[in-house]
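What the coordinates show
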Amino acid sequence: MKKTIISSSDYELYKIPLPWSFLLKRKGKMLILSELEKMHPRFSGNCCFDTRFFLEKKQLVADVVVMEKARV
């Protein structure tokens, strides 16, 4: 399987601090979407995102990568 390398100019990376109650809620994806709409200037249906969760100084944090679905 070949690795896909994406240029750093093709995506944007955001760190979103999350409350601990995020782990118990079912609508967690909606929280991330609402934060992205505030942070990302052109976030819409033309964008896709991928999320990775981790702990940073006893705080739950989401690393979110946002990029356009179709690049020409």
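Since the model is a prediction, treat every value here as computed from it, not as a measurement.

1. Focus: the pattern of salt bridges
According to the stated counting rule, one finds 3 salt bridges in the structure shown. Between Glu56 and Lys15 there is a salt bridge, and its shortest N-O distance comes to 3.4 Å. Here Glu56 is found in strand S2 (residues 47-56), whereas its partner Lys15 is found in strand S1 (residues 12-18), with 41 residues between them in sequence. Given a relative accessible area of 34%, Glu56 falls into the partly exposed group. The exposure class assigned to Lys15 is partly exposed, which follows from its relative accessible area of 45%. For Lys38, the salt bridge identified is with Glu35, shortest N-O distance 3.4 Å. Of the two residues, Lys38 and Glu35 both sit in helix H1 (residues 28-39), 3 residues apart, roughly one turn of that helix. Owing to a relative accessible area of 63%, Lys38 belongs among the exposed residues under this scheme. What makes Glu35 partly exposed here is its relative accessible area of 22%.

About the cut-offs
Residues numbered from 1 in each chain as written. Predicted model: local features only at pLDDT ≥ 70, side-chain atom pairs only at ≥ 80, totals over all residues. Heavy atoms only, no water. Salt bridge = Lys/Arg side-chain N within 4 Å of Asp/Glu carboxyl O. Helix = DSSP H or I, 4+ residues; strand = E, 2+ residues; numbered from the N terminus. Buried < 20%, exposed > 50% of the residue type's maximum accessible area, 1.4 Å probe, protein only.

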